[in-house]
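# Breakdown of the fold
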Amino acid sequence: MKIEIESTLISEAEIQRRVRELGQQISEDHHNRELVLVCVLKGAALFFADLFRALSIPVRCEFIQLASYDDRTESSGHVRIVQGLNENLRNSDVVIVEDIVDTGQTLTVLMEEIQALEPASVKVCSLLDKPTRRTVTATIDYVGFEIPDAFVVGYGLDYAQKYRNLREIFCIKT
Ligand code: PRP
C-alpha cells in the first residue's frame, strides 16, 4: 500500500531538545543507583540510542523485541515476544524505553516479563503517548510528547517496516 505523508508533527530539533531533558531527568532520578535501560525493539531503537547518550550516570543497556502491529496500522491485540532479555535485572533500577504507548498492551506484557525478574524498580519512558487509544491502564513515568490519534512514522516508528529512518515524526494518511 502506498502512503502519503501528511505533515510534520514533531521536528528533529524538538525531538533532540526533549531527549536531552529526559536524559537529564532520568540521570537525576537514578543518581548512585544500578540503572539498566531496556530498549524495546524495533521502534525505540533510534530514541534509545539518543537517550542512552543523554544520560550522565553509569548505565547498562538491554534489548527486548516485541511485535503486535505487523504490517497493520491497528494493533492485532496479540503481543509476541520475538526476542527476550538476556541479563539478570535483579536488584537493578530498570527504565523501559518505548517509542510509543498506544493501546498499552505491549507495555502490559513487558511489565509482566520484567517484574518477574525482580528488579528493584521499574519505570517507563516513552517518546510518544497516545492516551486516547488506551484499552488497558498504563503508567508512563517519563513522556516525551503527548500526541493526538494520528498514525505516525519516523524516528524509529514504521509503516510496514519502512520510514523508521526519517529524522522527524510525520503524520501519514494510509
Ligand atoms: C509498536 C511500538 C510499541 C507498541 C505500542 O510496536 O513500538 O512497542 O507498538 O503499541 P500498543 O501500546 O498498542 O501495544 P510494533 O508492535 O509495531 O513493533 P515494532 O516496534 O517492531 O515496530
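Preceding block: the structure.
All of the points below concern the structure found in this document. (Residues numbered from 1 in each chain as written. Predicted model: local features only at pLDDT ≥ 70, side-chain atom pairs only at ≥ 80, totals over all residues. Heavy atoms only, no water.)

## Looking at the overall build of the protein chain
Across its full length, the protein chain holds 3 helices and 9 strands. When the elements of the protein chain are put in sequence order from the N terminus, they spell out β-α-β-α-β-β-β-α-β-β-β-β. Relative to the 2.2 N^0.38 estimate, which gives 16 Å for 174 residues, the radius of gyration of the protein chain is 15 Å and therefore close to what a compact globule would have. C-alpha extents for the protein chain along the principal axes are approximately 45 × 35 × 25 Å. By residue count, 44% of the 174 residues in the protein chain fall in the buried class. Restricting to contacts in the protein chain with at least 6 residues of sequence separation, those with at least 24 account for 66%. Accessible surface for the protein chain amounts to roughly 8900 Å². Of this, 46% is attributable to carbon and sulfur atoms. Between the centroid of the 19 positive side chains of the protein chain and the centroid of its 27 negative side chains there is a distance of 4 Å. (Helix = DSSP H or I, 4+ residues; strand = E, 2+ residues; numbered from the N terminus. Rg over C-alpha atoms; globule rule 2.2 N^0.38 Å. Buried < 20%, exposed > 50% of the residue type's maximum accessible area, 1.4 Å probe, protein only. Contact = heavy atoms within 4.5 Å. Areas by Shrake-Rupley, 256 points an atom, 1.4 Å probe, with all protein chains shown as cover. Lys, Arg positive; Asp, Glu negative; His and termini not counted. Charge placed at Lys NZ, Arg CZ, Asp CG, Glu CD.)

## Describing unusual backbone geometry
Of the consecutive residues L41 and K42, the connecting peptide bond is found in the cis state with omega at 0 degrees. Positionally, K42 belongs in the loop between β2 (35-41) and α2 (45-53). With phi around 70 degrees, N91 is a residue other than glycine that occupies positive phi space. Positionally, N91 belongs in the loop between β4 (80-83) and β5 (93-101). Even without a glycine there, the phi angle at Q161 is positive, about 75 degrees.

## Focus on the sheet that holds strand β9 (residues 169-173)
Spatial ordering of the open sheet is given by β1-β9-β8, a layout of 3 strands whose pairing is antiparallel. A single partner strand is all that each edge strand has here, and the edge strands are β1 (4-10) and β8 (152-153). Pairing between β1 and β9: 5 bridges, direction antiparallel. By the bridge assignment, T8 is partnered in β9 with F170. (Pairing = 2+ DSSP bridges.)

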